[in-house]
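Here is how the chains run, residue by residue.
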Amino acid sequence: MAPISYRRHRFPPVVIQHAVWLYLRFTLSYRDVEELLAERGLDISYESVRSWVLKFGPAIARGLRRCRPRPSDRWHLDEMVVRIAGKRMYLWRAVDHEGEVLEILVQRRRDRSAAVKLMRKLLRKQGFAPTRVTTDKLRSYGAAFQHLGLSCHHEQGLRENNRAENSHQVVRRRERKMQRFKSAASAQRFLSVHAAVHNTFNLQRHLVSRSTLRIFRSEAVTQWRSATNAA
């Protein structure tokens, strides 16, 4: 992997990396990050933070995805309504049974063609077909599976799909903090990067002991540092 170039930037790479990490890891605005850096004696404009996230975020996300293990073959699919530039759009999301975000796709429709597009992107990206898929009772999913010739077990029901429903909470918090997404393209770009960071630091701390959590957290930080230096 070629290293990320931080040339022609006034601040050292460690400051840029920390600013990008703060914005993508926590539900903060660019101005919040500016205030946190100012507390440490760094006079950095929120516009600089924004430009760093847009420039280095996608490359860092690619590096983080390379470090992730293969997800499970039990997928949960769901869609949520988002308002973008005053228009009603749908955010389609796929996670595995452990909460790993597999794919996020912003689309205008909530029909079979949209579900087919999500599944094709998922299959191409993951490189394997699932053995079990859980969705709500939207008929578009079944039509899409039939169109693609998928023979996996298909479970339907609201409670069965709580894993995907709960994964929307992080996006809702971020949407409120950003005062809604400004365009479909910017939402798609940000959420793809945000998902990679979320996967890395989502340690399921309620399921592990404190000593195990320290190990997992150390590994997550190591992955982040590796990704911020190579893409």
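Each chain has its residues counted from 1, running along the sequence as written. Totals for whole chains, interfaces and linings use every residue, but because this is a predicted model, local features are given only for residues with pLDDT of at least 70 and side-chain atom pairs only at 80 or more, for both listing and counting. Values shown for side chains rest on all heavy atoms present in the structure; no hydrogens or waters enter the calculation.

Q: Account for the overall build of the protein, naming residues and giving values.
A: Secondary structure follows DSSP: runs of H or I at least 4 residues long count as helices, runs of E at least 2 residues long count as strands, and numbering of each begins at the N terminus. On a plain count of helices and strands, the protein comes out with eight helices and five strands. Counting from the amino terminus, helix and strand elements in the protein follow one another as α-α-α-β-β-β-α-β-α-β-α-α-α. In summary, the protein has a C-alpha radius of gyration of 19 Å against a globular reference of 17 Å for 231 residues, a match within 12%. Along the first, second and third principal axes, the C-alpha set of the protein runs to 55 × 45 × 35 Å. Burial classification: accessible surface area is computed with a 1.4 Å probe over protein chains only, and a residue below 20% of its type maximum counts as buried, one above 50% as exposed, and the rest as partly exposed. The 231 residues of the protein split such that 45% are buried. Note on contacts: a residue pair is in contact if any heavy atoms of the two residues lie within 4.5 Å. In the protein, 58% of the contacts between residues at least 6 apart in sequence involve partners at least 24 apart. Accessible area for the protein stands at about 12900 Å²; split by element, carbon and sulfur atoms hold 48% of it. For the charge count, each Lys or Arg is scored as positive and each Asp or Glu as negative, with His and the chain ends excluded. Taken as the charge centre is NZ of Lys, CZ of Arg, CG of Asp or CD of Glu, depending on the residue. Of the side chains in the protein, 45 bear a positive and 20 a negative charge, and the two mean positions are spaced by 4 Å. In this setup the radius of gyration rests on C-alpha atoms only. A globule is expected at 2.2 Å times the number of residues raised to 0.38. Reported accessibility uses the Shrake-Rupley method at a 1.4 Å probe radius. Residues are deemed covered only where the shown protein chains occlude them.

Q: Lay out the pairing of strand S3 (residues 101-107) with the relevant residues and their values.
A: Within S3, seven of the seven residues are buried, which leaves the element mostly enclosed by the surrounding structure. In this structure, strand S2 (residues 87-96) lies alongside S3, joined through six bridges in antiparallel fashion. Pairing of Ala94 across the sheet is with Glu103, part of S3. Only strands that DSSP links by at least two bridges are regarded as paired with each other. What sits between S2 and S3 in their antiparallel hairpin is a turn of four residues, with Gly99 showing a positive phi close to 95°.

Q: Go over the side chain of Asp96, please, and point to the residues and values.
A: Within the secondary structure layout, Asp96 lies in strand S2. A relative accessible area of 2% means that Asp96 is categorised as buried. Once residues lying within four places of it in the same chain are set aside, the contact partners of Asp96 are Pro71, Ser72, Arg74, Trp75, His76, Leu102 and Arg163.

Q: Residue-level account of the packing of helix H2 (residues 30-39) against helix H3 (residues 46-67), with values.
A: Convention adopted: a line fitted to C-alpha atoms gives each axis, helices being fitted over their contacting stretch, and angles between N-to-C directions are expressed from 0 to 180 degrees. Their axes nearest at 8 Å, the elements H2 and H3 cross at an angle of 115°. One element, H2, and the other, H3, form an angle in the roughly perpendicular class. Handedness of the H2/H3 crossing: right-handed. Here Tyr30, Arg31, Val33, Glu34 and Leu37 of H2 come into contact with H3, specifically with Tyr46, Val49, Arg50 and Val53. Its residues assigned to classes, the contact of H2 with H3 shows six nonpolar, no polar and three charged. Working definition: roughly parallel below 35 degrees, roughly antiparallel above 145 degrees, roughly perpendicular at 65 to 115 degrees, and oblique for all remaining angles. Rotating anticlockwise by less than a right angle from the far helix to the near helix defines a left-handed crossing, while the corresponding clockwise rotation defines a right-handed one. Just so you know the grouping, Ala, Val, Leu, Ile, Met, Phe, Trp, Tyr, Cys and Pro go in nonpolar, Asp, Glu, Lys and Arg go in charged, and all remaining residues, Gly too, go in polar.

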